[in-house]
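Each chain is listed here by its residues.
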Amino acid sequence: MDKVFTLTAGRMVRIIIVVAALLLTAVRGWGKDNFVMSGRLDGVDKDVLLIEYISFEPDRKMVRKRVPVRDGYFEFSASLKNAWLARIRLKSVPEKDNKGFSIFLVPDETLVLRGDLRREQELYKVKVGGSEYYEDLANVREFVRPFQEELAAAVMEYNDGLASGGDRVALLRGRQKSEQQINDRYRAVREAYVMSHPESEAAYSLVQLDDRWGIAAIENLEPEVRDGRFGCKIAQDLKVMQLMSLQRMAAKTVLRHCLRRDGRCRRSDCASRRVALFRQIR
């Protein structure tokens, strides 16, 4: 004769407790922080580290975190599904004097920062380390460091000239010319590096919102990079650069159609054609 299983009140209570415990464990597991950042900041005793990044998990939102710094040391952790570009700065330094240090926060990685976050023109000197991605990123940053040193030197030369009573307009013109020349060479090197390292997540940190080469760089990435933990950020960047490319083409079309025979542009025609084309793009 088959045994009949009787679900008593006591047995029911025990089952409910076990199921609740399993659910609680699962929820804790889902919410567990998978990114950790720590470090030692030079010249800082007591301060607050401000961390900002835009997340699309699942909807677009600005995430702002405040992390205490004690005797130069800090630690921060977060639960991330995707890699996001963050801006990090010290609360004690006015934003107008230092826009902050930018770096990707990457899930399943550990970031260690060492250096001085107080000086805008010396952020390239901040040491990056930690787990595999950040070790690779440190190598990429070292590779392009000479260009960042040149840009910092151009700013210092401008500031020194102002301090010595030099003509502001002439100094600014000289600084802009130097920066343009440096950035042209810098862009060529970044492009070559990214295109020759399609398998590298760290190399993607060199891609800027420049549709003249950024779209091709994204299309050249290995699927594991393009569709992996950087995939959401890459998709957002690609969308922005595609729009930039369309606007560039529209501007050329407007200029071509609104020029008069004498080579001058009729402003009314330019304005109306520009509005019509941009409406099509959107």
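Residues numbered from 1 in each chain as written. Predicted model: local features only at pLDDT ≥ 70, side-chain atom pairs only at ≥ 80, totals over all residues. Heavy atoms only, no water.

## Re unusual backbone geometry
Of note, the phi angle at aspartate 71 is positive, near 55 degrees, even though the residue is not glycine. Mapped onto the elements of the fold, aspartate 71 is located in the loop between strand 3 (60-70) and strand 4 (73-78). Backbone geometry at aspartate 108 places phi at a positive 65 degrees, although glycine is not the residue there. Relative to the assigned elements, aspartate 108 resides in the loop between strand 6 (101-105) and strand 7 (109-115). (Helix = DSSP H or I, 4+ residues; strand = E, 2+ residues; numbered from the N terminus.)

## Some details on the packing of helix 2 (residues 132-163) against helix 3 (residues 168-196)
Packing of helix 2 against helix 3 brings their axes to within 9 Å, and their N-to-C directions diverge by 175 degrees. With respect to helix 3, the element helix 2 is oriented roughly antiparallel. Contacts from Val140, Phe143, Val144, Phe147, Gln148, Glu150, Leu151, Ala154, Val155, Tyr158, Gly161 and Leu162 of helix 2 reach helix 3 at Arg168, Leu171, Leu172, Arg175, Ser178, Glu179, Ile182, Asn183, Arg185, Tyr186, Val189 and Tyr193. Class assignment of the residues belonging to the contact of helix 2 with helix 3 gives a composition of 15 nonpolar, 4 polar and 5 charged. (Axes fitted to C-alpha atoms, helices over the stretch in contact; angles between N-to-C directions. Parallel < 35°, antiparallel > 145°, perpendicular 65-115°, else oblique. Contact = heavy atoms within 4.5 Å. Nonpolar A, V, L, I, M, F, W, Y, C, P; charged D, E, K, R; others polar.)

## Notes on the environment of serine 200
Counting through the fold element by element, serine 200 comes out in the loop between helix 3 and helix 4 (214-220). Each C-alpha atom, one on serine 200 and one on aspartate 136, is 8.5 Å from the other, the two residues being 64 residues apart in sequence.

## Description of helix 3
Given 3.6 residues to a turn, an α-helix orients residues that are three or four positions apart in the same direction. Its 29 residues place the ends of helix 3 41 Å apart at the C-alpha level, agreeing with the 42 Å of an ideal helix rising 1.5 Å per residue. For helix 3, every residue scored as buried is listed here: Glu179, Ile182, Tyr186, Arg190, Tyr193 and Val194. Against helix 2 and helix 4 lie the buried residues of helix 3. Where helix 3 begins, the side chain of aspartate 167 points an oxygen toward the backbone nitrogen of valine 169, at a separation of 3.3 Å. (Expected span 1.5 Å × (residues − 1). Buried < 20%, exposed > 50% of the residue type's maximum accessible area, 1.4 Å probe, protein only. Polar contact = N/O pair within 3.5 Å; in protein donor to acceptor, adjacent residues only side chain to side chain.)

## Re the pairing of strand 3
On any regular strand, side chains alternate: one points to one face of the sheet, the next to the other face. Two elements, strand 2 (residues 46-56) and strand 3, share 11 bridges in a ladder whose sense is antiparallel. Bridge assignment links tyrosine 53 to a residue of strand 3, and that residue is valine 63. Taken together, strand 2 and the strand that follows it, strand 3, pair antiparallel across an intervening segment of 3 residues. (Pairing = 2+ DSSP bridges.)

## Some details on the confidence of the model for the chain
With 78% of its residues at a pLDDT of at least 70, the chain reaches an overall mean of 84. The low-confidence segment residues 13-30, where pLDDT is below 50, has 2 contacts with residues more than four positions distant or belonging to other chains. (pLDDT = per-residue confidence, 0-100.)

## Observations concerning helix 2
For helix 2, with 32 residues, the first-to-last C-alpha span of 44 Å sits near the 46 Å given by 1.5 Å per residue. Roughly 50 degrees is the biggest bend found in helix 2, and it falls at valine 144, with proline proline 146 one to four residues downstream. (Bend = angle between axes of the 7 residues up to and from the residue.)

## Some thoughts on the pattern of salt bridges
The full count for this structure, using the stated rule, is 17 salt bridges. Put simply, arginine 229 and glutamate 201 hold a salt bridge, and the shortest N to O gap is 2.9 Å. Placement of the pair is arginine 229 in the loop between helix 5 (223-226) and helix 6 (231-258) and glutamate 201 in the loop between helix 3 and helix 4, with a sequence separation of 28 residues. With a relative accessible area of 22%, arginine 229 lands in the partly exposed category. Note that lysine 233 is salt-bridged to aspartate 237, the shortest N-O span being 2.7 Å. Of the two residues, lysine 233 and aspartate 237 both sit in helix 6, 4 residues apart, roughly one turn of that helix. Taking the relative accessible area as the measure of exposure, aspartate 237 reaches 9% and is therefore buried. (Salt bridge = Lys/Arg side-chain N within 4 Å of Asp/Glu carboxyl O.)

## Here we look at the environment of proline 223
Along the chain, the position of proline 223 falls in helix 5. Put simply, proline 223 and proline 198 are 25 residues apart on the chain and 9.1 Å apart in space, counted from C-alpha to C-alpha.

## Overview of the packing of aromatic side chains
Aromatic rings considered in pairs are described by the distance between their centres and by the relative angle of their planes. Counted by the stated rule, this structure contains 7 aromatic pairs. With a centroid separation of 5.7 Å and 40 degrees between ring planes, the pair formed by phenylalanine 56 and tryptophan 84 is classed as tilted. Here phenylalanine 56 is found in strand 2, whereas its partner tryptophan 84 is found in strand 5 (residues 84-90), with 28 residues between them in sequence. Relative accessible area serves as the criterion here: at 22%, phenylalanine 56 is assigned to the partly exposed category. Relative accessible area serves as the criterion here: at 0%, tryptophan 84 is assigned to the buried category. Seen from their ring centres, tyrosine 133 and phenylalanine 230 are 5.5 Å apart, and the 45 degrees between their planes marks the pair as tilted. (Phe/Tyr/Trp six-rings, centres within 6.5 Å; stacked < 30°, edge-to-face > 60°.)

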